Amino acid sequence: MFDADWVQRFSKLIARHTGLLMRPQDERNLCKKLEQRLTTLGFSSPSPYYDLLRCAVENPLTVDRQTTASRREWTLLIRRLVVTESYFFRDRGQFELLRSRLLPEILVKQRNIAAQTGERPQLKIWSAACASGEEPYSLAIVLWELLNDRDRWDLQIIGSDINDESLAQAKRGEYSAWSFRQVESSIKTQYFRQQGDRYILNPEIRRLVTFNRVNLVSDPLPDANLNLYDLDLILCRNVFIYFDRASIERVLDKFYHSLGLGGYLIAAHAELQGAGHHQFHSQLFPQSVVYQRCDRLERNRLLNRPPKATTVSRCQSPPTPTPLPILPNSSQPSSFRTAPLPVTSPPSPVVPIPPPRPTPEVSHPQWQDARRHFRTSAYHKAIHCAERSLSDNPRHIDAYLLIARAYANLGEYQKAVYYCLQALEIDSLAIAPHYLLAHLYEAQGNINRAKRILKKIVYLAPKMPLAYLELAQIYRLEGDTRRADHMEGSAIQILRSLPPNTPMDVDSKLTAGDLLQQLNIC
């Protein structure tokens, strides 16, 4: 029934949708599984079955009877294609590295952020392709043992898989003895209750983990709805060996942008050797290679390339903006109600303000025209000139920021957000795009997102009082006077430690003394 041509067509379709690479030695087994589905559905030839599967792949956003049937069939087929083998604490070396080095480092970092913001410390870990859940539950056990004050933490461990049957088993938290084949008996005794030949996980550990169905290849990532963004750690082990090269690169790019700055990715040993020039910084430990999102290193590497190599694929024109609802003025923080978006540059870290450094783009005539038009409020002309400047230097972060500010002052907030994010793709540590982004989210009524950005600014620039003050105003609007007072007190303490003439940002004349006077602080 399946000749070589049909095998190739189905193999390519499966790889396109799931990333799974069908090797020559897999073809006989693939044909057997496909024939089982054809028999169940009553198809007499491969053609209608192929058309059924292709429908969901080619129409990922469509919701109708045909695509729903196609997605349902993919779910059933995937159950037969994917490997669900797993066990607790698989690869003891990697778990020892997590326990002794990586997780303690991450926990210290998150405690420091929490101390600066007055928030509960947060930790977000994603176990991608977690099968029946042994890996995320192993992580939960490690954290349970590392954290004596775990009740004070916001711990989020997310397990995902493409196989819904595996996820159903993971949610039950019930396992056979085979899942403990390399685990000390004390683990079973302490964290599981035996019931016949099954082992039932402690409910306290089980509650630390949530599960979602995710297709790493075809689903959009990062995904705020599933909380898969700004992650501290991603584990994706024994998965890439089943992917084709294009899918590996696609998934690595998604992982990179789903991690927070400094976040880690761990894969199985040798899985990513020869995987291409992905953006991660590799760190070699005795137990494993670890991949880190380290934008500063990436930026330096790119800037040191020959000029012809410095291209950025994300520097095209922004997509058509989707209007976002803007809350009435009465529902916005007072800091945004009392002043429009600043025409001058958003604040940079207060101390020290880096001296201007001569760069080739400063003398670019289009860049000079863009700045001149911006100063005279000719924003459309400023955008046009700045975009032409970017055609010669696609990593000119100030040009992206100028375009973002121009769109913000024109009231086109979605486009402004887009260009802020482009600037942060070049340097994720830059304060000015973060600060403007926080104001834009406030303008769109997305107070929670604005709050997250401001807290990140406090972490990146702990002596920037304006960020503390804006956080204080948001907390006060929310009725959280304790945190508001904490933020305002931190800002006042910073301001008092600075000479009165210290500028609060690069372009304006507002000083530390001026700000203290506005706060009525002697």
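Everything that follows concerns the structure shown earlier in this document.
Note that the structure is a prediction, hence the values are computed from the model and not measured.

**A closer look at unusual backbone geometry**
A cis geometry characterises the amide bond from Leu221 onward to Pro222, with omega recorded as 0°. Tracing the sequence through the fold places Pro222 in the loop between β6 (209-213) and β7 (231-235). Of note, Asp91 is a non-glycine position whose phi angle comes to about 65°, a positive value. Residue position: Asp91 is located in the loop between α4 (65-81) and α5 (92-117). In this structure, Ser377 is a non-glycine residue whose phi angle is positive, near 65°. Among the structural elements, Ser377 can be located in the loop between α13 (365-375) and α14 (379-392). Ser377 gets classed as partly exposed once you look at its relative accessible area, which sits at 44%.

**Some points on helix α2 (residues 27-41)**
Residues three or four positions apart in an α-helix share a direction because the helix packs 3.6 residues into each turn. With 15 residues, α2 should cover 21 Å at 1.5 Å per step; its first-to-last C-alpha distance of 21 Å lies within 8% of that length. Along α2, the residues classified as buried are Leu30, Cys31, Lys33, Leu34, Arg37 and Leu38. The buried side chains of α2 occupy one side of the element, clustering within an arc of 165° when seen end-on. Opposite the buried face of α2, by more than 90 degrees, sit the exposed residues Arg28, Thr39 and Thr40. Of the residues flanking the end of α2, it is Gly42, one or two places downstream, whose phi is positive at about 80°.

How each quantity is defined
- Residues numbered from 1 in each chain as written.
- Predicted model: local features only at pLDDT ≥ 70, side-chain atom pairs only at ≥ 80, totals over all residues.
- Heavy atoms only, no water.
- Helix = DSSP H or I, 4+ residues; strand = E, 2+ residues; numbered from the N terminus.
- Buried < 20%, exposed > 50% of the residue type's maximum accessible area, 1.4 Å probe, protein only.
- Expected span 1.5 Å × (residues − 1).
- Arc of directions from axis to C-beta.

So yeah, pure geometry; function would need other evidence.
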